[in-house]
Structure formats: C-alpha cells, structure tokens
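Listed here are the chains, written in short residue letters.
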Amino acid sequence: MSRMIQLENLHKGYQVDGHIVPALQGIDLSIEKGEIFGVIGHSGAGKSTLIRCINLLERPTSGRVVVDGTDLMNLDDRQLQEQRRQIGMIFQHFNLLSSATVAENVAFPLKLAKRPKAEIEQKVTELLTLVGLEAHRNKYPAQLSGGQKQRVGIARALASDPKVLLCDEATSALDPQTTNSILALLRDINRKLGLTIVLITHEMHVIRAVCDRVAVIDGGKIVEMGNVVDVFLKPQHPTTQEFVEQVADSVELKEIVSHEKADKDRTMIRITFLGSQTYQPVLFQTMLETGTPFNILQGTISRMKDTPYGQLIVELEADQEQVNKTIGSLRQRGLEVEVI
Ligand SMILES: Nc1ncnc2c1ncn2[C@@H]1O[C@H](COP(=O)(O)OP(=O)(O)OP(=O)(O)O)[C@@H](O)[C@H]1O
C-alpha cells in the first residue's frame, strides 16, 4: 500500500477573546490508499478540527498536510480549489441545498466545474444508482428520511471522483438501523471505488463496523493508534478503554466477576478468539487435554469489519498449577487469555 494522507506535526490554535485555544497539539498521522481510517474522541477533543485540516477548511497554525503527494499548505487559492475536488466530504447534518432536488444537489459540484450537460446527466444517474436513490431523483431534501439525505450527501461528495472521502460525524444524527445501512454503503464504496475514507466519530461501534485502523484523540493529541482489532482487544490508554467499554458487555461481566471472586478456589479467565479460531473447538480440546473442570459464565461473538471474534468468560475449578498449565496451553494455541 502507498500513502494517501500525511499529517506532520500539525498544530491548530483558535483565537478566542485575545488568547489561543489549542485544538490540535502535534498530530502525526499517515493514512494508506484504500484504507478506512477512523478518528474517535470525546466532544472537544479536536476531531472536527483534525478532519477539516485534511482539506484545509481549517488552516493549521503549523505543520504539513500532504494529500496524494501534494503539500496543500503550499498551494495558492486556485490550486487548492483544484486539489479539493480530490477530497469529498460528508457532514452530520448533510448540508444539502433545500431548494434543489436530489438530482440537482448531486449535479451541483459538476455544474460548478462546468462539465457538459450530458456528462452531468449520466454521472448523476450513475451516482444515484450507486447510493440506491434513483427512484427519488426529483424529490426535495425535505421529502427524504435522514438516511436518504445522507445518501444524497455521499452521491454529491463522489461527483468529482475524489480519491478521499472525509466523513464528519456522518452517522451521528441517524438511528442505529439507518447508521448501519450508511456504514454498509461506505464499505461498499470503499471496495468498489478503492476510495480512501477518513471518518470521525464519538461512537466506537462505528469504528468497529467499518474501520481498518483507528486513532484515539484526546486534548488535541493522538493518545493511541493501531489496527482496530488490536486496539479493541488490548486498549492501552484510559480514554481508549472507555470507548471500548461502550461496546462491551462489561457491566454485566464486572458484576459476575465481583460476585464470583469471593470464592478463592476458582479462577476466572477471559479468552478471546479471533478470525477462524472463533469457530474452532480449541477451548474444549485444551480442557480435555489438561483435564481442568470449567464453567462458561458468559460468551459473546461479534465482528470487527470483516474479522469475527468471540470472548468467553470461563471459571476454572483447579489449583494454581493446573490453572497455569491450562492458560499456557490456551496461549500456545494462539488464544488471548487474561485472568480477571
Ligand atoms: N471556530 C472555533 N473557534 C474557537 N474555538 C474553537 C473553534 N472550533 C473549535 N474550537 C475549540 O477547539 C477545540 C476542539 O474542537 P473540535 O470541534 O475540533 O472538537 P471535536 O472533537 O470535533 O468536538 P465535537 O464532537 O463536540 O464537535 C475545542 O476546545 C473547541 O472549543
């Protein structure tokens, strides 16, 4: 893979009442071509500022923004406008023209670029088919659901055949079911068009559903970054752990653990299965081999983008030596094991 976006030592401060509010404090980030990259953080962490720096809707105070080999900070207005065509963007509140139809909204960037009428017509039809809205081309935004409006936003963002799509909290105003359908569309577009997608969100399930890699931002700094699978299974920073808990059954688990831990002869472990392991009877084979009695207290199976994973909370009724042997054997088979 080669690099599509490179942010180097990015700083951004806003002037407020004579002093500077630091929104980004030294962001270093590179995003590969064809990747779906997520940035997650709490309100005020700097997510919007960060994503808006990628197309210079916000101009960083210092640092470098390189998109597909072009340093955007060095461009004049006309060159920047040209480069921005390569970077589509969608928004939380869609930002559609309310007085224009679906088709006219999608045609808008093409008209601005003075494309010939026949080409515009063909492109709009193509895009509306891609996002599943061809039957609604003559409706106005007010006649559409939130999910349909976002589909128009996506079609419009794709009109100039961008290399990058920036998604600024694109599903935050949508209900869970609609969110899933929009996320599925983004994955589809990523696959079909090979588009690089950067999305910001405060919801970990969005990251889990579509992203390849994720950066966690806190106080204008990246506090953790990695493959979604790794970050999910082994979150290091407290902020990341908080986000991961959003999508775990951790409350229930904690209750079980504190209740059960009163009994000293039992050891509770969490076993994580990943990918094809998820469907193999590894646990049972190990337990048979080591002869360790066990109870399954809780089990979940889920999916991170294309990777299935499962977690089991298991209680071992055995002495320490037997427990160590069992854990060693599970780890040898490539499973993640954690005593809880
Ligand atoms: N135009 C602005 N003028 C002054 N301060 C700003 C401006 N935009 C953002 N900030 C400040 O910069 C910091 C980062 O804001 P930003 O909007 O990037 O965070 P965010 O993570 O996107 O939050 P949210 O999810 O609430 O939008 C905050 O302290 C915010 O108050």
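Remember, it's a predicted structure, so these values are computed and weren't measured experimentally. (Residues numbered from 1 in each chain as written. Predicted model: local features only at pLDDT ≥ 70, side-chain atom pairs only at ≥ 80, totals over all residues.)

**A short note on the site of the ligand**
Using the following cut-off: By definition, a residue lies near a molecule or strand when the C-beta atom built from its backbone is within 6 Å of it. In this text, helices come from DSSP runs of H or I with a minimum length of four residues, and strands from runs of E with a minimum of two, each type numbered from the N-terminal end. Each residue gets one of three labels, nonpolar for Ala, Val, Leu, Ile, Met, Phe, Trp, Tyr, Cys and Pro, charged for Asp, Glu, Lys and Arg, and polar for the others, Gly among them.
Within the structure, the ligand sits among 13 residues, and Tyr14, Ala23, Ser43, Ser48 and Thr49 are positioned closest to it. For the shell around the ligand, the secondary-structure elements that each account for two or more residues are strand S1 (3-16), strand S2 (19-32) and helix H1 (47-54). Sort the elements by how many residues they give to the shell around the ligand and H1 lands first, with three residues. A breakdown of the residues in the shell around the ligand according to their chemical character gives five nonpolar, seven polar and one charged.

**Points about the sheet that holds strand S10 (residues 221-227)**
Adjacent strands of a sheet form backbone hydrogen bonds with each other and so pair up, either parallel or antiparallel. Quick reminder of the rule: Any two strands with at least two DSSP bridges between them are considered paired. Axis lines are fitted to C-alpha atoms, over the contacting stretch for helices. Their N-to-C directions set the angle, which ranges from 0 to 180 degrees. Note that contacts rest on C-beta atoms placed from the backbone: two residues are in contact if these are within 7 Å.
One open sheet holds the six strands; their spatial order is S6-S7-S8-S3-S9-S10, and the pairing between them is mixed. Of all strands in the sheet, those with a lone pairing partner are strand S6 (87-91) and S10, marking the two edges. Strand-to-strand, the axes of this sheet are offset by a mean angle of 15 degrees, without reference to chain direction. One ladder, built from five bridges, connects S6 with strand S7 (residues 164-168); its direction is parallel. Within S7, the residue paired with Phe91 across the bridge is Asp168. Running at roughly 160 degrees to strand S8 (residues 196-201), H1 makes contact with strand S3 (36-40), S6, S7, S8 and strand S9 (213-218) of the sheet.

**Brief notes about the pairing of S9**
Applicable threshold: Note on burial: count the other C-beta atoms lying within 10 Å of the residue's C-beta; 20 or more is buried, 12 or fewer is exposed, in between is partly exposed, and C-beta positions come from the backbone.
Counted residue by residue, S9 has five buried out of six residues, so it is predominantly covered. Where S3 and S9 come together, four bridges link them in parallel fashion. Bridging across to S9, Gly38 finds its partner in Val214. Where S9 and S10 come together, six bridges link them in antiparallel fashion. For Val214, the partnering residue across the bridge sits in S10 and is Gly226. Between S9 and the antiparallel strand that follows it, S10, lie two residues; Gly219 among them carries a positive phi value of about 55 degrees.

**Section: the sheet that holds strand S13 (residues 307-317)**
Pairing in this open sheet of four strands is antiparallel, and the strands run S12-S13-S11-S14 from one edge to the other. Looking along the sheet, the strands with just one partner apiece sit at the ends: strand S12 (294-304) and strand S14 (336-339). Ignoring strand direction, the axes of neighbouring strands in this sheet form an average angle of 15 degrees. Where strand S11 (residues 266-274) and S13 come together, nine bridges link them in antiparallel fashion. Bridge assignment links Ile269 to a residue of S13, and that residue is Val314.

**Structural notes on the domain arrangement of the protein**
We apply this condition: Domain limits in this description derive from either an automatic procedure or a database domain assignment.
Considered domain by domain, the protein is made up of domain 1 (3-246) and domain 2 (250-339). Each of domain 1 and domain 2 has a C-alpha centre, and the two are 39 Å apart. Secondary-structure elements contributing two or more residues to the side of domain 1 that touches domain 2 are helix H7 (204-210) and helix H8 (228-233). By residue number, the principal contributor to the side of domain 1 that touches domain 2 is H8, which donates four residues. Classifying every residue of the side of domain 1 that touches domain 2 by side-chain character gives seven nonpolar, no polar and three charged.

**Focus on the packing of helix H3 (residues 102-112) against helix H4 (residues 117-130)**
Put simply, the rule reads: For classification purposes, an angle smaller than 35 degrees is called roughly parallel, one larger than 145 roughly antiparallel, one from 65 to 115 roughly perpendicular, and anything else oblique. By definition, turning the near helix anticlockwise from the far helix through less than a right angle yields a left-handed crossing, and turning it clockwise yields a right-handed one.
Two elements in contact, H3 and H4, have axes whose closest approach is 9 Å; the angle formed by their N-to-C orientations is 130 degrees. Between H3 and H4, the angle is such that the two are oblique. As for how H3 packs across H4, the hand of that crossing is right-handed. Contacts from Ala103, Val106, Ala107, Leu110 and Lys111 of H3 reach H4 at Ile120, Lys123, Val124, Leu127 and Leu128. Its residues assigned to classes, the contact of H3 with H4 comprises eight nonpolar, no polar and two charged.

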